[in-house]
Amino acid sequence: MIAVPGNVRVWLATGYTDMRRGFPSLALQVQEVLHKEPLSGHLFVFRGRRSDLVKVIWHDGQGACLFTKKLERGKFIWPSVAGEAVTISLAQLSYLLSGIDWRNPQETQRPTRVG
């Protein structure tokens, strides 16, 4: 289990990112394009061109972390603005990583009995 502090912000890098990149080049993109500090303890999320792969970088105070998630079906929902950073909550990140539309999650009806 990875414990992320509650005061951490989540930044989505809008547009597409070359998914061959590792932590050093993604951290450089955070500095030069998003104008943020990659070692700040915040989470920075990047999406690949096919929209089925994301990478998350995070510095936890002890070292650099790089997480990757690839959806087997579907695509990650992403903001349409390009060249900017969009901030979302940790709960919205959880939806995003599950392949759920984090902008407007809907509660589904659960059956009360099996029929």
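Preceding this section is the structure that the text describes.
Position numbers for residues count from 1 along each chain, tracking the sequence in the order it is written. Local features in this predicted model are restricted to residues of pLDDT 70 or higher, and side-chain atom pairs are both shown and tallied only at a pLDDT of 80 or more, whereas totals for entire chains, interfaces and linings draw on every residue. Remark: hydrogens and water are excluded; side-chain values derive from all non-hydrogen atoms of the structure.

Q: What's the story with the pattern of salt bridges in this structure? I'm lost.
A: The working definition used for a salt bridge is a side-chain nitrogen of Lys or Arg within 4 Å of a carboxyl oxygen of Asp or Glu. Within this structure, the stated rule accounts for four salt bridges. With a closest N to O distance of 4.0 Å, Arg50 and Asp52 form a salt bridge. Per-residue accessibility, obtained with a 1.4 Å probe over protein chains only, is compared with the maximum for each type, and a residue is labelled buried under 20%, exposed over 50%, and partly exposed between these values. For Arg50, a relative accessible area of 59% gives the class exposed. Classification of Asp52 by relative accessible area gives buried; the value is 14%. A salt bridge links Asp52 to Lys70; the nearest nitrogen and oxygen atoms lie 2.7 Å apart. Linking Asp52 in the loop between strand E2 (43-47) and strand E3 (53-59) with Lys70 in strand E4 (residues 64-70), this pair joins segments that are 18 residues apart in sequence. Through salt bridges with shared partners, one network takes in Arg50, Asp52 and Lys70. The numbering of helices and of strands both runs from the N terminus, where a helix is a DSSP run of H or I of at least 4 residues and a strand a run of E of at least 2.

Q: What am I meant to see in the packing of aromatic side chains here?
A: What characterises a pair of aromatic rings is the spacing of the ring centres plus the angle enclosed by the ring planes. Two rings from Phe, Tyr or Trp (for Trp, the six-membered ring) form a pair when their centres are within 6.5 Å of each other. A pair whose planes differ by under 30 degrees is stacked, one over 60 is edge-to-face, and the rest are tilted. Enumeration according to the criterion identifies zero aromatic pairs in this entry. Each ring is checked for a lysine NZ or an arginine CZ that lies within 6 Å of its centre and within 35 degrees of its normal; such an atom marks a charge sitting over the ring. In this arrangement the basic side chain of Lys36 is found over the ring face of Trp11, its NZ or CZ atom lying 4.1 Å from the centre.

Q: I'm lost on the pairing of strand E1 (residues 10-13) in this one. Help?
A: Walk down a regular strand and you will see the side chains alternate between the two sheet faces. Neither face of E1 is left uncovered, since the one carrying Val10 and Leu12 and the one carrying Trp11 and Ala13 both have all their residues buried. Strand pairing follows a simple DSSP-based rule, namely that at least 2 bridges must link the two strands. The pairing of E1 with E2 spans three bridges and is classified as parallel. Bridged to Leu12 within E2 is Val45. Crossover handedness is defined here as right-handed if the route from the first strand over the helix to the second strand goes clockwise, with the strands pointing away from the viewer. Taken together, E1, helix H1 (residues 23-32) and E2 constitute a β-α-β crossover, and its handedness is right-handed. In this sheet, strand E5 (residues 85-88) lies alongside E1 in antiparallel orientation, the contact comprising four bridges. The residue bridging Leu12 from the neighbouring strand is Val86, located in E5.

Purely spatial values, then, with no claim about function.
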